[in-house]
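Close look at the chain arrangement
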Amino acid sequence: MVMKIESINSTIRSERVAAHSHIKGLGLDENFVATSATKPCGLVGQESAREAAGVVVDLIKNKKMSGRAVLLAGPPGTGKTAIALAIAQELGPKVPFCPMVGSEVYSSEIKKTEVLMENFRRSIGLRIKETKEVYEGELTELTPEETENSLGGFTKIISHVIIGLKTVKGVKQLKLDPAIYESLQKEKISVGDVIYIESNSGAVKRVGRCDAYSGEYDLEAEEYVPLPRGEVHKKREVIQDVTLHDLDVANARPQGGNDIMSMISQLLKPKKTEITDKLRNEINKVVDGYIEQGIAELVPGVLFIDEVHMLDIECFTYLHRALESTIAPIVILATNRGECMVRDTETVAPHGVPSDLLDRLLIIKTLPYSPQEMVGIIRIRAQIEGLSIEDQAIVRLGEIACQTTLRYAVQLMTPANVLRQVYKKESITVSEVDELRDVFWNAKRSGQFLACHDSSFMH
């Protein structure tokens, strides 16, 4: 099997500014002691859970955690998702991190186990190192050569492009295909940029602006790079990071014909299709061969499954088997349930997880926040959302969080800022917080209202 690696678009999910955008890491020192004073991380409290997570990060970095799983267990709103995201931040951007929710498996399009397998494959990275022949240097000339259009008319077409590349050792002029010129335009490459062109595929990559032009502007957001050493034509090691799911998708696309029926069948094809086990096994064989030859390196990432109690016994059995496979990511589970039924069974188990799977898990507990910690979290959220808020209003929100939930108090902040703008105040005050507390009810207050006016509602 010839595996398609070129032009793979990564399937990493992009995240907007959301509930955990302020999380920067676990905030641990070199002895795995939680401290936010010397290393701000966005996390407040949960010292024991953060220190346990730090040990897990160390095991992952030393490649001693593969095939194991961690369970974050605690009441709602105690930072389980935040700790999982902090673990991902500590591991760095090159380690795949795939978050999902237990209810995602109940899709009408594909099987439950297929959803789990897809996310497993998203969480396993492959770092491919290839030695390619490239032309590298500072672009000194970029001249498209035009010719008469063979179809007639007054328009002209580009027949080829002449480019000049310069390095410390010499200068070379190249006559290239017009498709290269289109790639140069897409990359917004101009004379003075340092580029390299792969001789086999014709792929063009802009490295940066040559540092000889660093004095062009006083304020310049450009990244300057030195003039390449060596010859223009050379062999270069190119590193590409992909996930196994990227490879699955790239190699599963059917190569249809150019006739009208092929195009119609592509349009009618559902967006979500299952990738066969046969294809995955073939890709695994090729990946194993690459690893044995030293061409590629496997990078086990992290699969985070929130609300794991939503999975049923079929998913738990599949998860148990997947953890034992030779290619498996580190799995982090999270739940806010105590003793409850394992879905689709009559068995009651801690956290709604079967006992045989619980035996394989390292369980990290999270505890309710203290009033001071809640105030600290609200203060951080105000900073990350760019809100101007008085200290008394932050304290009042902390009191509300203690009486209701932290999530409810945090949700009042953005509407309070809207009120501040309406009243043309410089900062959010206690009056805006109290006004919104009467406008937007929390779950407890809403439940009390329903109990008092039960006869007014339909059943």
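Let me begin by describing the structure that accompanies this report.

Cut-offs used in this document
- For every chain, the first residue of its written sequence is number 1, and the numbers climb from 1 along that sequence.
- Where totals are concerned, whole chains, interfaces and linings use all residues; where local detail is concerned, this predicted model gives features only for residues with pLDDT of at least 70, and gives and counts side-chain atom pairs only at 80 or more.
- Excluded from the side-chain calculations are hydrogens and water; all other atoms, namely the structure's heavy atoms, are used.
- One speaks of a salt bridge when a side-chain nitrogen belonging to Lys or Arg is within 4 Å of a carboxyl oxygen belonging to Asp or Glu.
- What counts as a helix is a DSSP run of H or I of at least four residues, what counts as a strand is a run of E of at least two, and both are numbered from the N terminus.
- Between buried and exposed lies partly exposed: a residue is buried under 20% and exposed over 50% of the maximum accessible area for its type, with that area taken using a 1.4 Å probe on protein chains only.
- Between the N-to-C directions of two axes lies an angle of 0 to 180 degrees, each axis being a line fitted to C-alpha atoms and, for a helix, fitted only over the stretch in contact.
- We call two directions roughly parallel when the angle between them is under 35 degrees, roughly antiparallel when it is over 145, roughly perpendicular when it lies between 65 and 115, and oblique otherwise.
- It is the rotation of the near helix from the far one that decides the hand of a crossing: anticlockwise by less than a right angle makes it left-handed, clockwise makes it right-handed.
- Here a residue-residue contact requires only that any non-hydrogen atoms of the pair lie within 4.5 Å.
- Gly is placed with the polar residues, together with every amino acid not listed as nonpolar (Ala, Val, Leu, Ile, Met, Phe, Trp, Tyr, Cys and Pro) or charged (Asp, Glu, Lys and Arg).
- A pair of strands is treated as paired once DSSP finds two or more bridges between them.
- For a helix, the expected span equals 1.5 Å multiplied by the number of residues minus one.
- The directions considered for the arc run from the helix axis to the C-beta atoms.
- Put simply, a patch holds well-exposed residues, over 30% relative accessible area, that have no salt bridge, with like charges counted together within 9 Å and Val, Leu, Ile, Met, Phe, Trp or Tyr side chains within 5 Å.
- Using a 1.4 Å probe, the Shrake-Rupley method yields the accessible areas, and only the shown protein chains count as cover for residues.
- In this scheme Phe, Tyr and Trp rings, the latter by its six-membered ring, pair at centre separations within 6.5 Å, and the angle between planes marks the pair as stacked below 30 degrees, edge-to-face above 60, and tilted otherwise.

1. Considering the pattern of salt bridges
Inspection of every chain in the model, using the stated rule, returns 17 salt bridges. With a closest N to O distance of 3.0 Å, Arg-209 and Asp-193 form a salt bridge. In this pair, Arg-209 sits in strand 7 (residues 204-210) while Asp-193 sits in strand 6 (residues 193-198), placing the two residues 16 residues apart along the sequence. The same class applies to Arg-209 as to Asp-193, namely buried. By sharing partners, the salt bridges in this structure join Glu-114, Arg-121, Asp-248, Asp-277 and Arg-280 into a single network.

2. A few points about the packing of helix 1 (residues 47-61) against helix 2 (residues 80-91)
Contact geometry for helix 1 and helix 2: axes closest at 10 Å, N-to-C directions at 40 degrees. Relative to helix 2, helix 1 is oriented oblique. The element helix 1 and its partner helix 2 pack so that their crossing is right-handed. Between helix 1, through Ala-49, Ala-53, Val-57, Ile-60 and Lys-61, and helix 2, the contact on the second element is made entirely by Ile-83, Ile-87, Glu-90 and Leu-91. For the contact of helix 1 with helix 2, a count of residues per class yields 7 nonpolar, no polar and 2 charged.

3. Here's the deal with the pairing of strand 2 (residues 97-101)
Burial of the side chains of strand 2 is restricted to one face: Cys-98 and Met-100 are buried, whereas none of Phe-97, Pro-99 and Val-101 on the reverse face is. Two strands pair when backbone bridges link them, and strand 2 and strand 11 (residues 302-306) are joined in this way by 5 bridges, in the parallel orientation. Across the sheet, Phe-97 pairs through a bridge with Val-302, a residue of strand 11.

4. With respect to helix 1
For helix 1, spanning 15 residues, the distance from its first C-alpha to its last is 21 Å, which sits close to the expected 21 Å at 1.5 Å a residue. Buried within helix 1 are the following residues: Ala-49, Arg-50, Ala-53, Gly-54, Val-56, Val-57 and Ile-60. Along the axis of helix 1, the buried residues cluster in a sector spanning 165 degrees; they form a single face. Those residues of helix 1 that are buried are in contact with strand 1 (69-73), helix 2, strand 11, strand 12 (330-335) and strand 15 (361-365). Positive phi shows up at Lys-63, right after helix 1, with a value of about 60 degrees.

5. A look at a nonpolar patch on the surface
Taken together, the side chains of Trp-441, Phe-449, Leu-450 and Phe-457 present a nonpolar region at the surface, about 360 Å² in accessible area. Considering the arrangement of structural elements, one finds Leu-450 in helix 15 (residues 443-452).

6. Examining the packing of aromatic side chains
Throughout the structure, instances matching the rule amount to 2 aromatic pairs. Between Trp-441 and Phe-449 the ring centres are 5.2 Å apart and the planes differ by 65 degrees, which places this aromatic pair in the edge-to-face class. Given the relative accessible area of 38%, Trp-441 is considered partly exposed. What makes Phe-449 partly exposed here is its relative accessible area of 32%. A centroid spacing of 6.3 Å and a plane angle of 85 degrees characterise the contact between Phe-449 and Phe-457, whose relative ring orientation is edge-to-face. Three or more aromatic residues joined by ring pairs form one cluster here, namely Trp-441, Phe-449 and Phe-457.

7. Side note on the sheet that holds strand 12
The sheet built from 5 strands is open, its strands ordered 2-11-12-1-15 with parallel pairing. Where the open sheet ends on each side, the last strands, each with one partner, are strand 2 and strand 15. Each neighbouring strand pair of the sheet contributes to a mean axis angle of 20 degrees, computed without reference to strand direction. Relative to strand 12, strand 11 runs parallel, the two being bridged by 4 bridges. When the bridges of strand 12 are listed, Phe-304 appears paired with Ile-332. In this fold helix 1 packs onto strand 1, strand 11, strand 12 and strand 15, with an angle of close to 150 degrees to the strand it touches most, strand 15.

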